[in-house]
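What follows is each chain in one-letter form.
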Amino acid sequence: MQPTFSSSRILLPVRPWFIVASLFAALLANFLPTAHWPGIPDWIALVLCFWCIREPRRVGMGWAFFLGLAMDVADGAVLGQHCFAYVLLAYFAAGQARRILWFPLGQQALQIFPLLLACQVIQLLMRLSTGADFPGWGYLIGPLSATLLWLPATFLLLLPQYQPVERDANRPL
């Protein structure tokens, strides 16, 4: 399903509009009122981590800062809470991108979990440092559910790259 060191499948290049659309969809998913329920993943962190690993030259700390700023404004959070966490997530995800892609998807999810957990803990520590109440331990379940969603998210985000550019009835691939 996914090209790794043992796969011979070649993917089409990702279209920039698809990256922007997926990040915007994740931003909209974080705007939903259900985004603050326990166990709901931080969709921006998940999609941002995916694109920072798959396309580190196109998606990086600039996108992370912009999306973090949008989340800070939307949540009414401490300005810079999401920015700082997302920028660190993008930095470490892009730094480990080549290593993470060598693993199968299940092991990739295990490599992603500490990144997503650190992003959530940074946000929590910044909230607590400004005097906010502790939201409960359910707040830290989100990275676990995002880790479990790594496989379907990878499949959905790579799906447009599997299709051929032009369909030819005589070409077997």
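Residues numbered from 1 in each chain as written. Predicted model: local features only at pLDDT ≥ 70, side-chain atom pairs only at ≥ 80, totals over all residues. Heavy atoms only, no water.

### Side note on the overall build of the chain
Note the threshold: Helix and strand labels come from DSSP, where a helix needs a run of H or I of at least four residues and a strand needs a run of E of at least two; each type is numbered from the N terminus. Working definition: with a 1.4 Å probe on protein chains only, accessible area under 20% of the residue-type maximum means buried, over 50% means exposed, and in between means partly exposed. Contacts were defined at the residue level, with two residues in contact if any of their heavy atoms lie within 4.5 Å. Computed with the Shrake-Rupley method and a 1.4 Å probe, the accessible areas treat only the protein chains shown as cover for residues.
Across its full length, the chain carries 8 helices and 0 strands. Taken from N to C terminus, the helices and strands of the chain fall in the order α-α-α-α-α-α-α-α. Across the 173 residues that make up the chain, the buried fraction comes to 41%. By sequence separation, contacts in the chain at least 24 residues apart represent 70% of the contacts at least 6 residues apart. In the form shown here, the chain has an accessible surface area of approximately 9,900 Å², with 68% of it arising from carbon and sulfur atoms.

### A few points about helix H4 (residues 81-95)
How we decide: Working rule for helices: expected span equals 1.5 Å times residues minus one.
Between its terminal C-alpha atoms H4 stretches 22 Å, which fits the 21 Å expected from 15 residues at 1.5 Å a residue. Of all the positions in H4, only Gln81, His82, Cys83, Ala85, Tyr86, Val87, Leu89, Ala90 and Ala93 are classed as buried. Buried residues along H4 sit against helix H1 (16-31), helix H2 (43-54), helix H3 (61-75), helix H5 (97-100) and helix H6 (105-129).

### Brief notes about the packing of aromatic side chains
Worth spelling out the cut-off: When the centres of two rings from Phe, Tyr and Trp lie within 6.5 Å, Trp using its six-membered ring, the rings pair. Their planes under 30 degrees apart give stacked, over 60 give edge-to-face, and anything left gives tilted.
Inspection of the entire model under this criterion finds 7 aromatic pairs. With a centroid separation of 4.9 Å and an interplanar angle of 75 degrees, the aromatic rings of Phe50 and Trp51 are classed as edge-to-face. Neither residue differs from the other here; Phe50 and Trp51 are each classed as buried. Their ring planes at 75 degrees and their centres at 5.1 Å tell us that Tyr91 and Phe92 sit as a pair that is edge-to-face. Using a relative accessible area of 41% as the deciding quantity, one classes Phe92 as partly exposed. An aromatic cluster is built from Trp17, Phe18, Phe50, Trp51 and Trp150, whose rings are joined through pairwise contacts.

### What about the nonpolar core?
Going by this rule: For this analysis, a nonpolar core means a set of buried residues of the types Ala, Val, Leu, Ile, Met, Phe, Trp, Tyr and Cys, connected via side-chain atoms within 4.5 Å.
Of all hydrophobic cores here, the largest spans 41 residues; its most connected members are Leu48 and Trp51. Looking at this core, the element that brings in the most residues is H2, giving 10 residues. Not counting residues up to four positions away in its chain, the partners in contact with Leu48 are Leu23, Val59, Gly60, Trp63, Ala64, Leu67, Tyr86 and Leu89.

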